[in-house]
Amino acid sequence: MIYLAGDIHGNHDIQKVIDFFELESLMHVLTKQDYLIILGDVAVCWDDDVHDEWVKKTLQMLPVTVLWLDGNHENFDVLSAYPVRSWNGGKVHQIAPDILHLMRGQCFEIDGRKIWTFGGGYSIDKMYRTEGISWWPQEMPNEEEYERGMEILKQENFQVDYILTHTAPREVVESICNDIVSGEEELQYYLQRISQKADFKKWYFGHWHMDVSVGDKYQGLMEDVICLG
Ligand SMILES: [Fe+2]
Ligand SMILES: [Fe+2]
């Protein structure tokens, strides 16, 4: 089984996933062969200290393996120091045996489903943050990541089952947000091109902090924890 959740922001919004598995009485039904995928702003790499240890321990207490995309609120210096390994067809950072970061522009085969991932996003509050302490420029993808994402999708003939991203394609953003702050256009338009080229069943995203459906193909998550598909 694969479950999906939106941003947890470290210890701020993690309770929803704890509650979900407890309230649904899933603690003893699921195993580490089942998955929870968090769609960015996870902050299990944040202070490289007590906070991270607590988040890591809490995620490891869940009955599933935790997979996550990076959002804009991650400590990318800490994240990039973890070893990269191949896992289910794509590249991951292994934070713990049961916590894996799904890297940008990769295609994974998980539980029989083909999933393309692309994290990253723009912090609209970055003027109040300090570089290297609470903000990192790597939050926005670089040219190499954009190219690799497109290339890997091309290798799949642009056919996947699901697309998971932190932010959303431009037209989706325009339909859920009437006052778009600038800074993220490049990524949103890239995802827009992906959405036009790719054949997929459904696209899930976080970042916008709302539980929302756009048409029958796009779904944003925040409070809801759902089953993939
Ligand atoms: Fe967020
Ligand atoms: Fe975000």
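Conventions used here
- Residues numbered from 1 in each chain as written.
- Chains lettered and ligands numbered in written order.
- Predicted model: local features only at pLDDT ≥ 70, side-chain atom pairs only at ≥ 80, totals over all residues.
- Pairing = 2+ DSSP bridges.
- Helix = DSSP H or I, 4+ residues; strand = E, 2+ residues; numbered from the N terminus.
- Axes fitted to C-alpha atoms, helices over the stretch in contact; angles between N-to-C directions.
- Buried ≥ 20, exposed ≤ 12 C-beta atoms within 10 Å, placed from the backbone.
- Contact = placed C-beta atoms within 7 Å.
- Core = buried A, V, L, I, M, F, W, Y, C linked by C-beta atoms within 7 Å.
- Expected span 1.5 Å × (residues − 1).

Asks: Could you give an account of the sheet that holds strand S11 (residues 212–214), with specific residues and numbers?
Replies: One open sheet accounts for 6 strands, arranged S7-S8-S9-S10-S12-S11; its pairing is mixed. The open sheet has two edge strands with one neighbour each: strand S7 (106–110) and S11. Adjacent strand axes in the sheet meet at a mean angle of 20° when their direction is disregarded.

Asks: Account for the environment of Val 29, naming residues and giving values.
Replies: Mapped onto the elements of the fold, Val 29 is located in the loop between helix H1 (15–23) and strand S2 (35–38). Exposure remark for Val 29: the 11 C-beta atoms within 10 Å place this residue in the exposed category. Between the C-alpha atom of Val 29 and that of Val 212, which follows or precedes it by 183 residues, the distance is 29 Å.

Asks: Go over the environment of Gly 40, please, and point to the residues and values.
Replies: The topology assignment puts Gly 40 in the loop between S2 and helix H2 (50–61). Taking the C-alpha atoms as reference points, Gly 40 and Leu 69, 29 residues apart in sequence, are found 4.7 Å from one another. Residues in contact with Gly 40, not counting those within four places in the same chain, are Asp 7, Leu 69, Asp 70, Gly 71, Gly 119, Gly 121, His 166, Gly 206 and His 207.

Asks: Account for the nonpolar core, naming residues and giving values.
Replies: Ranked by size, the top nonpolar core spans 53 residues in total, and within it Leu 36, Ile 38, Leu 39 and Val 66 carry the most contacts. Considering each element in turn, this core owes the most residues, 4 residues, to helix H6 (residues 185–197).

Asks: Summarise the sheet that holds strand S1 (residues 2–5); cite the residues concerned and give the values.
Replies: Whether parallel or antiparallel, the strands of a sheet pair through hydrogen bonds between backbone atoms. Spatially, S4-S5-S6-S3-S2-S1-S13 is the arrangement adopted by the 7 strands of the open sheet, whose pairing is mixed. Strands at the two margins of the open sheet, each flanked by one partner only, are strand S4 (84–87) and strand S13 (225–227). Recorded for the sheet is a direction-independent mean angle of 35° between the axes of neighbouring strands. Where strand S5 (residues 90–96) meets strand S6 (residues 99–102), 4 bridges bridge the pair, whose relative direction is antiparallel. Within the sheet, the bridge partner assigned to Ala 96 lies in S6 and is Ile 99. The strands touched by H1 are S1, S2 and S13; relative to S13, the strand with the most contacts, the crossing angle is about 50°.

Asks: Explain the pairing of S7 to me, and be specific about the residues and the numbers.
Replies: Of the two faces of S7, the one lined by Gln 106, Phe 108 and Ile 110 is fully buried and the one lined by Cys 107 and Glu 109 carries no buried residue. Summarising the sheet, S7 and strand S8 (residues 113–118) pair through 5 bridges and their orientation is antiparallel. In the sheet register, Cys 107 faces S8, and the bridge partner there is Trp 116.

Asks: How would you explain H6 if you had to name every residue and give the values?
Replies: Its 13 residues place the ends of H6 18 Å apart at the C-alpha level, agreeing with the 18 Å of an ideal helix rising 1.5 Å per residue. Looking at the buried positions of H6, the neighbouring elements they touch are S8, helix H4 (143–155), strand S9 (162–165) and helix H5 (170–176).

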